[in-house]
Protein chains: 2
Amino acid sequence: MTATSQHQQPTPERFFNAINAYEQTEAIKAAVELEIFTAIAEGNTTSATIAKRCEAAERGVRTLCDFLTIHGFLNKEGAQYVLAPDSGLFLNRHSPAYIGTAIEFLLTPRLRESHALLTEAVRRGGCALGEGTLERENPDWVKFAQAMMPLMHMPAEIMAAELRKGGEAHKVLDIAAGHGIFGISVAKENPAAHIYAADWKNVLEVATKNAQAMGVADRYHLLPGSAFETDFGSGYDLSLITNFLHHFDPPTCTTFMRKVHAALKSGGRAAIVELVPNPDRVTPPTAAAFSMMMLATTPSGDAYTFAELESISKNAGFARVELAPPEIGLDRLITAYR
Amino acid sequence: MTATSQHQQPTPERFFNAINAYEQTEAIKAAVELEIFTAIAEGNTTSATIAKRCEAAERGVRTLCDFLTIHGFLNKEGAQYVLAPDSGLFLNRHSPAYIGTAIEFLLTPRLRESHALLTEAVRRGGCALGEGTLERENPDWVKFAQAMMPLMHMPAEIMAAELRKGGEAHKVLDIAAGHGIFGISVAKENPAAHIYAADWKNVLEVATKNAQAMGVADRYHLLPGSAFETDFGSGYDLSLITNFLHHFDPPTCTTFMRKVHAALKSGGRAAIVELVPNPDRVTPPTAAAFSMMMLATTPSGDAYTFAELESISKNAGFARVELAPPEIGLDRLITAYR
């Protein structure tokens with residue numbers, strides 16, 4: 001993520017930096033584990049004082065903090081390190097928006113191992129480790145539910161507020177609920193809403209705890225099992241389909257959206273939350289690059305453009321599909337109207 | 001290495017991208033292994049034709065090529081992929097400057113494993129895997145010698161031309177010769193020069209083959225063993241110390257430079273080639289970030305600033321130390337005069 005230096009002569013710098021990019025992964029993981037950002041937020045700003053707070057070697061801390069500065073997580077003023085604004089908000093343990101726990105899911109061994117076989121994944125056009133993340137009752141999804149809620153808290157609130165503009169939803173189906181925060185945010189936005197959360201049984205235990213902690217347990221109902229097999233019931237005003245469709249190929253998504261369509265009442269909405277690349281598939285960078293994560297870790301998933309999600313939804317019977325203007329964190333909100 | 005998108009609201013995008021940066025490592029490795037750049041250079045510009053040439057799935061190739069575009073290795077024009085200039089020069093197998101072999105060294109398991117223990121390395125202030133890359137007769141240095149010559153060929157020629165300006169060298173000591181290309185380039189620049197190459201015995205076998213292939217074998221002499229223990233002899237006009245000092249701490253570097261000083265004749269020069277960060281230690285990015293590689297993989301190595309290299313050299317008895325203006329690839333050339 002570092003800008004390549006200006007060179008007159010041709011340079012292998014981009015190659016060298018990309019080959020060594022795994023150092024960024026390890027460095028941010030080490031910084032979170034050692035609580036470097038928290039230490040700086042607490043007022044420790046030199047490598048000596050940070051090292052003392054983090055019980056680490058000054059030499060190691062200096063090199064790590066310089067590296068974090070190079071990659072934009074810190075600023076360096078003389079010998080003092082200062083948190084970049086996003087680091088202060090998201091990586092300081094004392095911040096309510098702390099998301100450091102996300103590394104527990106984002107760096108699960110299965111994700112790393114799938115990528116270590118990327119050459120084979122490109123050859124076959126999908127994950128080189130069997131079903132990848134899509135295995136039944138995959139315990140990594142429990143880790144996902146436990147680790148990713150902080151990262152999704154703010155996006156979920158933005159989504160709930162945006163959806164509220166389209167009317168009150170009383171019966172809400174939350175598909176692949178995970179941590180549950182998307183459905184819970186809708187429940188908090190609207191005291192009349194009941195949430196029906198679908199996910200693997202082991203994952204729903206996490207969502208249930210979160211619903212209890214956030215005071216909506218009496219309006220929280222469980223639909224355990226595969227989202228493709230579970231009977232959702234019917235008469236829903238709203239269905240949340242957050243970060244789910246990217247795991248599957250378009251025909252599977254269409255089949256699934258037909259099931260959602262049948263569960264919605266007339267005039268109901270499906271709210272699809274996804275990383276959505278532009279039609280060129282190479283911008284914006286983070287959303288477009290997500291296609292690689294799906295290639296490496298699923299048999300046939302992808303990051304879908306709006307046109308693709310619109311086509312999937314319309315083929316499933318939805319009448320109208322809209323892209324909401326605001327970003328939901330790194331995601332976008334697509335609303336499909338029955 | 002991707003620019004973070006412009007957001008009004010705070011965003012965890014930098015964190016998310018850094019955590020997933022290992023995908024860049026795996027993607028460039030896969031692209032080299034599958035010969036994606038070579039396929040494009042041969043005129044295959046769509047995912048379908050590249051896939052056919054590389055015996056891979058079109059879906060996999062499309063996602064990989066989009067990812068390589070996001071990270072600046074390719075440009076995308078409609079559905080066609082075009083090589084970025086550096087990719088054409090360095091990553092196309094048909095190019096004389098092809099450096100794809102470098103992944104064999106840059107991604108040796110020991111380097112990856114050392115980084116996987118980075119939290120512990122920061123705690124202790126050095127490699128968490130014993131001596132790291134510095135073990136005696138470490139076979140990774142044979143891999144280094146075999147894999148890295150292409151990456152160093154152009155820098156070595158620039159260095160040899162630059163050193164030639166300072167006078168003819170007849171007796172040249174090449175320390176940690178590796179592939180041998182730095183010494184060989186001096187020998188090619190000056191037909192009167194004899195090169196004495198110091199490195200582990202197994203590594204010198206690679207250098208010897210390269211010296212033979214490049215027609216300087218009759219002026220190529222071997223000094224096998226540890227650079228700290230081997231008797232170099234004396235009367236050298238020039239000593240090359242390329243990408244060596246960063247493995248050690250300053251006192252060890254000073255001791256070593258004293259040994260080099262003793263081997264040089266009066267008026268002789270030591271040519272130090274290193275990644276040299278600015279005094280702030282966070283610019284330029286590639287040189288400054290190299291400090292992290294040394295933290296993770298050596299007990300006490302570092303990327304040294306010019307002031308530090310000057311101090312090391314002067315403490316070892318050198319009279320004058322100069323930083324040459326041109327870049328030697330990603331490195332800089334520092335000349336210490338006896």
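The sections below set out a description of the structure shown in this document.

**Regarding the sheet that holds strand 3 (residues 171-175) of chain A**
Residues and elements named next belong to chain A. If you trace the seven strands from one edge of the open sheet to the other, you get 5-4-3-6-7-9-8, paired in mixed fashion. At either end of the open sheet lies a strand with only one pairing partner, and these are strand 5 (220-224) and strand 8 (320-328). Here the average twist between neighbouring strands, direction ignored, is 20 degrees. Direction of pairing for strand 3 relative to strand 4 (residues 194-199): parallel, over a ladder of five bridges. By the bridge assignment, isoleucine 175 is partnered in strand 4 with alanine 198. Against the sheet, helix 11 (residues 181-189) contacts strand 3, strand 4, strand 5 and strand 6 (236-242), and its axis sits at roughly 145 degrees relative to strand 6. Packing against the sheet, helix 13 (residues 250-263) makes contact with strand 3, strand 6 and strand 7 (264-274), and its axis sits at approximately 140 degrees to strand 7.

**Topic: the interface of chain A and chain B**
With 89 residues of chain A in contact, the opposing surface of chain B contributes 90 residues. Counting across the interface, chain A meets chain B through two salt bridges. Aspartate 302 of chain B serves as the salt-bridge partner of arginine 62 of chain A, at 2.7 Å between the closest nitrogen and oxygen. The tally of links between chain A and chain B comes to 40 residue pairs in polar contact (both at pLDDT 80 or more). It is helix 2 (residues 22-34) of chain A that contributes the most residues to the side of chain A that touches chain B, twelve residues altogether. Split by residue class, the side of chain A that touches chain B holds 46 nonpolar, 24 polar and 19 charged.

**Observations regarding the side chain of threonine 335 of chain A**
You can see threonine 335 of chain A is positioned in strand 9 (residues 331-337). When neighbours within four sequence positions are excluded, threonine 335 of chain A is seen to be in contact with Leu163, Arg269, Ala270, Arg320, Val321 and Glu322 of chain A.

**Digging into the environment of glycine 88 of chain A**
All names here are of chain A. By the secondary structure assignment, glycine 88 is in helix 6 (residues 85-90). You can call glycine 88 partly exposed: its relative accessible area is 22%. Separated by 163 residues in the primary sequence, glycine 88 and proline 251 have C-alpha atoms spaced 43 Å apart. With near-sequence residues (within four places) excluded, glycine 88 lies in contact with Leu83 and Ser95.

**Digging into the relation of the copies chain A and chain B**
With an RMSD of 0.0 Å, the operation that places chain A on chain B is a rotation of 180 degrees combined with a shift of 0.0 Å along the axis. Here the copies are linked by what is in effect a two-fold axis. Comparing contact sets, 100% of the residues at the interface of chain A also lie at the interface in chain B, consistent with an isologous, same-surface contact.

**Digging into the packing of aromatic side chains**
Applying the stated criterion to the full structure yields 22 aromatic pairs over all chains. Ring centres 6.1 Å apart and planes at 35 degrees place the aromatic pair phenylalanine 228 of chain B and phenylalanine 244 of chain B in the tilted group. Taken as a pair, phenylalanine 228 of chain B in the loop between strand 5 (220-224) and strand 6 (236-242) and phenylalanine 244 of chain B in the loop between strand 6 and helix 13 (250-263) lie far apart in primary sequence, 16 residues in all. Classification of phenylalanine 228 of chain B by relative accessible area gives partly exposed; the value is 34%. Members of the aromatic cluster, joined through ring pairs, are Phe228, Phe232, Phe244, Phe248 and Phe256 of chain A. The ring centre of tyrosine 236 of chain A lies 4.7 Å from the NZ or CZ of lysine 171 of chain A, which sits over that ring. Seen from the ring of tyrosine 337 of chain B, arginine 320 of chain B lies directly overhead, with NZ or CZ sitting 4.0 Å from the centre.

**Description of the nonpolar core**
Core analysis: the largest hydrophobic core is formed by 191 residues, its most contacted members being Phe15, Ile36 and Leu64 of chain A together with Phe15, Ile36 and Leu64 of chain B. Setting aside residues no more than four positions away along its own chain, phenylalanine 15 of chain A makes contact with Ile28, Val32, Phe73, Leu91, Ile99, Ala102, Ile103 and Leu106 of chain B.

**Brief notes about unusual backbone geometry**
Backbone torsion omega between threonine 283 of chain A and proline 284 of chain A reads -20 degrees, so that peptide bond is classified as cis. Locating proline 284 of chain A in the fold gives a position in the loop between strand 7 and helix 14 (285-297). Non-glycine residue glutamate 35 of chain B carries a positive phi angle of around 65 degrees. Within the secondary structure, glutamate 35 of chain B sits in the loop between helix 2 (22-34) and helix 3 (36-41). What makes glutamate 35 of chain B partly exposed here is its relative accessible area of 22%.

**Concerning the packing of helix 2 of chain A against helix 5 (residues 58-70) of chain A**
Residue and element names in this part refer to chain A. At a closest axis distance of 10 Å, the pairing of helix 2 and helix 5 adopts a crossing angle of 120 degrees. Compared by their axis directions, helix 2 and helix 5 come out oblique. For the pair helix 2 and helix 5, the crossing hand works out as left-handed. On helix 5, the residues touching Glu23, Gln24, Ala27, Ile28, Ala30, Ala31 and Leu34 of helix 2 are Leu64, Phe67 and Leu68. The residue inventory of the contact of helix 2 with helix 5, partitioned by class, reads eight nonpolar, one polar and one charged.

**Some words on helix 15 (residues 306-315) of chain B**
Residues and elements named next belong to chain B. For helix 15, the set of buried residues is Leu309, Ile312 and Ser313. Along the long axis of helix 15, the arc covered by the buried residues comes to 95 degrees, so they all point the same way. Buried positions along helix 15 lie against helix 13, strand 7 (264-274), strand 8 (320-328) and strand 9 (331-337). Positioned one or two residues after helix 15, glycine 317 has a phi angle of 110 degrees, which is positive.

**Thoughts on the pairing of strand 6 of chain B**
For a regular strand, the rule is simple: side chains alternate between the two faces of the sheet. Residue and element names in this part refer to chain B. Burial runs high along strand 6: seven of the seven residues are buried. Across four bridges, the pairing between strand 3 (residues 171-175) and strand 6 is parallel. Pairing of leucine 173 across the sheet is with serine 239, part of strand 6. Taken together, strand 6, helix 13 and strand 7 form a β-α-β motif whose crossover is right-handed.

Reading the values: the criteria
- Residues numbered from 1 in each chain as written.
- Chains lettered and ligands numbered in written order.
- Predicted model: local features only at pLDDT ≥ 70, side-chain atom pairs only at ≥ 80, totals over all residues.
- Heavy atoms only, no water.
- Pairing = 2+ DSSP bridges.
- Helix = DSSP H or I, 4+ residues; strand = E, 2+ residues; numbered from the N terminus.
- Axes fitted to C-alpha atoms, helices over the stretch in contact; angles between N-to-C directions.
- Contact = heavy atoms within 4.5 Å.
- Salt bridge = Lys/Arg side-chain N within 4 Å of Asp/Glu carboxyl O.
- Polar contact = N/O pair within 3.5 Å; in protein donor to acceptor, adjacent residues only side chain to side chain.
- Nonpolar A, V, L, I, M, F, W, Y, C, P; charged D, E, K, R; others polar.
- Buried < 20%, exposed > 50% of the residue type's maximum accessible area, 1.4 Å probe, protein only.
- Least-squares fit on C-alpha atoms with pLDDT ≥ 70 in both.
- Phe/Tyr/Trp six-rings, centres within 6.5 Å; stacked < 30°, edge-to-face > 60°.
- Lys NZ or Arg CZ within 6 Å of the ring centre and 35° of its normal.
- Core = buried A, V, L, I, M, F, W, Y, C linked by side-chain atoms within 4.5 Å.
- Parallel < 35°, antiparallel > 145°, perpendicular 65-115°, else oblique.
- Left-handed = near helix turned anticlockwise from the far one by under 90°.
- Arc of directions from axis to C-beta.
- Right-handed = clockwise from strand over helix to strand, strands pointing away.

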